[in-house]
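Descriptive analysis of the structure
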Number of protein chains: 2
Amino acid sequence: MKLRVDLLPYGSYSDTVLVVDVLRATTTAAVFLEQGASEVRFTASLEAALEQRGEGIVLAGERGGLPIPDFDLGNSPLEASGLNFTGRTVVMNTTNGTTAAHAAAASGKHVILASLRNAHAAARRARSLAVEEIAIVCAGREGRSGLDDVYTAGVLCEYLLAMGEWTLDDGARIALTVRRQVGDPLEPLAGSAAGESLERVGLGQDVQFCARISESTVVPVLAEHSELGLIFRS
Amino acid sequence: MKLRVDLLPYGSYSDTVLVVDVLRATTTAAVFLEQGASEVRFTASLEAALEQRGEGIVLAGERGGLPIPDFDLGNSPLEASGLNFTGRTVVMNTTNGTTAAHAAAASGKHVILASLRNAHAAARRARSLAVEEIAIVCAGREGRSGLDDVYTAGVLCEYLLAMGEWTLDDGARIALTVRRQVGDPLEPLAGSAAGESLERVGLGQDVQFCARISESTVVPVLAEHSELGLIFRS
Ligand SMILES: [Ca+2]
Ligand SMILES: [Ca+2]
Ligand SMILES: [Ca+2]
């Protein structure tokens, strides 16, 4: 089986894809499901999210780390972890994460949202779905690779290596090297451009929340791809 | 001063750019100059190279690691190191390296070809030319990041860090981490997809040649960008 890491979303995908935007979209999406949401929709645009406003719908997202006017919530996993979304649908749009998921869903057979918090469970789920390849796609930031996402990809690779035999591509080797060089996950997350930018706008606690490895077994898996967007359920 | 590493050529460049295709185009280009070539031209296409055939012109290049029919030489730095190119112009076209250099030259003010063999000299030259930013551009392989080029970028970053104060982007942090995790340069070069592919076609000795750090002080610098291509001189 092939294990591949795209340091940015730049390919097409034949099999199972783990999408990583650890700061913060793929972390937050899983928290919404943990907190009872029936589904999380990733829209292709901000406008497509606003159009879905209605009863039982929660709009969540950010631009440049800050909440979007007219949205109900930002993209804070820490905030989401203190709320109850039972029976609600959360409609999300973010700067990089939702775009990366759309790139993955354009060709991938199975699309999974992965983060540090659900890393082990997400790796296990991918392993059970994949037939020939698992591709880990790092969302990055404004078209540039992010240390936070590459580190997270390395953690996922490490779990996957323990689950079978793999042929690694260079991206996987780079991610594993980053993972092995850096012990404490808070270091690459807080030291990444995304982490520094969250710290600057007072969201450093979110970075700490996102740095906790394998605390959750909730894994958002793409269930439908409709005009409403990508619909993830656990 | 800003220090940035593009794990693939995906941006535009405002100042000084170090282009890295360590296996093998940027290594080989420097060897041609070392061995007496008056200039090395990187053409935008294979056809543009063939059109320049003539007296005093040596055509060199590869597709998928193998020589191109009607070209005089392949892309082997080891072979080039045993030949004399005094007074000759070498016209090169390769799969990834010449393309990356064209991407860099489209916007960069100063474009330098860097490899492990000239790493220290190339870093010093970039440092002397740069005003606000040095960008290291990894050529990669068929649109995917290469462990060989990212490792080489990390070596260049390490030299640059010793020469001044820098603001690092995430790409530079990733490259430095890879450099620090891996000691012997032969390991990431031979273990990269590019290195394995050269080994398969019997060019493993080229990989060893490319892995020698800072053996040369010859640095190809872009002197002209004409219809003939990118013209590098030392
Ligand atoms: Ca992010
Ligand atoms: Ca190469
Ligand atoms: Ca090349």
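Procedures and definitions
- Residues numbered from 1 in each chain as written.
- Chains lettered and ligands numbered in written order.
- Predicted model: local features only at pLDDT ≥ 70, side-chain atom pairs only at ≥ 80, totals over all residues.
- Heavy atoms only, no water.
- UniProt positions renumbered as here; feature names shortened; annotations may be inferred.
- Helix = DSSP H or I, 4+ residues; strand = E, 2+ residues; numbered from the N terminus.
- Rg over C-alpha atoms; globule rule 2.2 N^0.38 Å.
- Buried < 20%, exposed > 50% of the residue type's maximum accessible area, 1.4 Å probe, protein only.
- Contact = heavy atoms within 4.5 Å.
- Areas by Shrake-Rupley, 256 points an atom, 1.4 Å probe, with all protein chains shown as cover.
- Lys, Arg positive; Asp, Glu negative; His and termini not counted.
- Charge placed at Lys NZ, Arg CZ, Asp CG, Glu CD.
- Donors = N, O, S within 2.8 Å, 3.2 Å for Na, K, Ca; no water.
- Salt bridge = Lys/Arg side-chain N within 4 Å of Asp/Glu carboxyl O.
- Buried area = accessible area lost by both parts, 1.4 Å probe.
- Polar contact = N/O pair within 3.5 Å; in protein donor to acceptor, adjacent residues only side chain to side chain.
- Expected span 1.5 Å × (residues − 1).
- Least-squares fit on C-alpha atoms with pLDDT ≥ 70 in both.
- Pairing = 2+ DSSP bridges.

As annotated in an unreviewed UniProt entry, chain A carries the name Probable 2-phosphosulfolactate phosphatase and is attributed to Deinobacterium chartae. Turning to chain A, the UniProt annotation filed under Sequence similarities (unreviewed entry) states: "Belongs to the ComB family." The annotation that UniProt attaches to chain A under Catalytic activity (unreviewed entry) is "(2R)-O-phospho-3-sulfolactate + H2O = (2R)-3-sulfolactate + phosphate".

1. Quick notes on the overall build of chain A
A count of helical and extended segments in chain A gives ten helices and eleven strands. Rg of the C-alpha trace for chain A: 16 Å, near the compact-globule value of 17 Å for 234 residues, within the 12% margin. Counting only C-alpha atoms and orienting by the principal axes, one finds that chain A spans roughly 50 × 35 × 30 Å. Here chain A, with 234 residues, has 59% of them falling under the buried criterion. Of the contacts formed within chain A by residues at least 6 apart in sequence, a portion of 77% connects residues at least 24 apart. A total accessible area of about 8,700 Å² is found for chain A, and carbon and sulfur atoms account for 46% of it. Distance between charge centroids for chain A: 3 Å, based on 20 positive and 29 negative side chains.

2. Focus on the coordination of the calcium ion (ligand 2)
Residue and element names in this part refer to chain B. Here the calcium ion (ligand 2) is held by the protein donor atoms Asp21 (OD) and Leu23 (O), which lie 2.2 to 2.4 Å from it. A separation of 4.3 Å is found between the calcium ion (ligand 2) and the calcium ion (ligand 3), which share aspartate 21 as a coordinating residue. Here aspartate 21 and leucine 23 have matching classes, each one buried.

3. Considering the pattern of salt bridges
All names here are of chain A. According to the stated counting rule, one finds 31 salt bridges over all chains in the structure shown. Arginine 180 is paired through a salt bridge with glutamate 158; the nearest N and O atoms lie 3.8 Å apart. Here arginine 180, found in helix H7 (residues 170-181), pairs with glutamate 158, found in helix H6 (residues 147-161); they are 22 residues apart in sequence, far enough to count as distant. Between arginine 173 and aspartate 170 there is a salt bridge, with its nearest N and O atoms 3.3 Å apart.

4. Remarks on the interface of chain B and chain A
The parts lose accessible area when they come together, and the size of an interface is often stated as this lost area. Taken together, the contact between chain B and chain A spans 27 residues of the former and 27 residues of the latter. In total, chain B and chain A occlude about 2,000 Å² of area from one another, counting both sides; carbon and sulfur atoms represent 54% of this. In terms of surface lost to chain A, no three residues of chain B exceed B:Tyr10, B:Arg144 and B:Asp170, which account for 29% of the buried area on that side. Linking chain B with chain A are six salt bridges. Taking the shortest distance from any N to any O, the salt bridge between B:Glu196 and A:Arg173 comes out at 3.5 Å. Summed over the shared surface of chain B and chain A, the result is 14 residue pairs in polar contact (both at pLDDT 80 or more). When residues of the side of chain B that touches chain A are traced back to their parent elements, those giving at least two are strand E1 (2-6), helix H6 (147-161), helix H7 (170-181) and helix H9 (193-200) of chain B.

5. Considering H7(B)
Residues and elements named next belong to chain B. For H7, spanning twelve residues, the distance from its first C-alpha to its last is 16 Å, which sits close to the expected 16 Å at 1.5 Å a residue. Taking burial as the measure, the twelve residues of H7 include nine buried ones, the bulk of the element. The set of residues buried in H7 consists of Asp170, Gly171, Ala172, Ile174, Ala175, Leu176, Thr177, Val178 and Arg179. Where H7 begins, the side chain of aspartate 169 points an oxygen toward the backbone nitrogen of glycine 171, at a separation of 3.1 Å.

6. Some remarks on the environment of A:Ala193
Tracing the chain through its elements places A:Ala193 in helix H9 (residues 193-200). Along the sequence, A:Ala193 and A:Gly146 sit 47 residues apart, while their C-alpha atoms lie 7.1 Å from each other. When near neighbours in sequence (up to four residues on either side) are disregarded, A:Ala193 contacts A:Arg141, B:Asp170 and B:Arg173.

7. Some thoughts on the relation of the copies chain B and chain A
For these two chains of identical sequence, chain B goes onto chain A by a turn of 180° and a shift of 0.0 Å along the axis, with RMSD 0.0 Å. This pairing of chains is accounted for by a two-fold axis.

8. A word on the pairing of strand E2 (residues 16-20) of chain A
Residue and element names in this part refer to chain A. In terms of burial, E2 is largely enclosed, as five of its five residues are buried. Both faces of E2 are covered, namely the face carrying Thr16, Leu18 and Val20 and the face carrying Val17 and Val19. Relative to strand E7 (residues 110-114), E2 runs parallel, the two being bridged by five bridges. Counterpart to leucine 18 in the pairing with E7 is isoleucine 112. Relative to strand E8 (residues 133-138), E2 runs parallel, the two sharing five bridges. Within the sheet, the bridge partner assigned to threonine 16 lies in E8 and is isoleucine 134.

9. Notes on the environment of A:Arg144
For A:Arg144, the position within the fold is in the loop between E8 and H6. Considering only alpha carbons, one finds A:Arg144 and A:Leu7, 137 residues apart in sequence, at a separation of 8.6 Å. Apart from residues lying up to four places away in sequence, A:Arg144 is in contact with A:Leu8, B:Arg4, B:Val5, B:Asp6, B:Tyr10 and B:Asp169. There is a polar contact of 2.6 Å between the side chain of A:Arg144 and the side chain of B:Asp169.

10. Observations concerning the environment of A:Val221
Residue and element names in this part refer to chain A. By the secondary structure assignment, valine 221 is in strand E10 (residues 221-226). Overall, the relative accessible area of 14% leaves valine 221 in the buried class. Linking valine 221 and arginine 125, residues 96 residues apart in sequence, is a C-alpha distance of 9.0 Å. Sequence-distant contacts of valine 221, that is, excluding residues within four places in its chain, are made with Val111, Ile112, Arg125, Ile231, Phe232 and Arg233.

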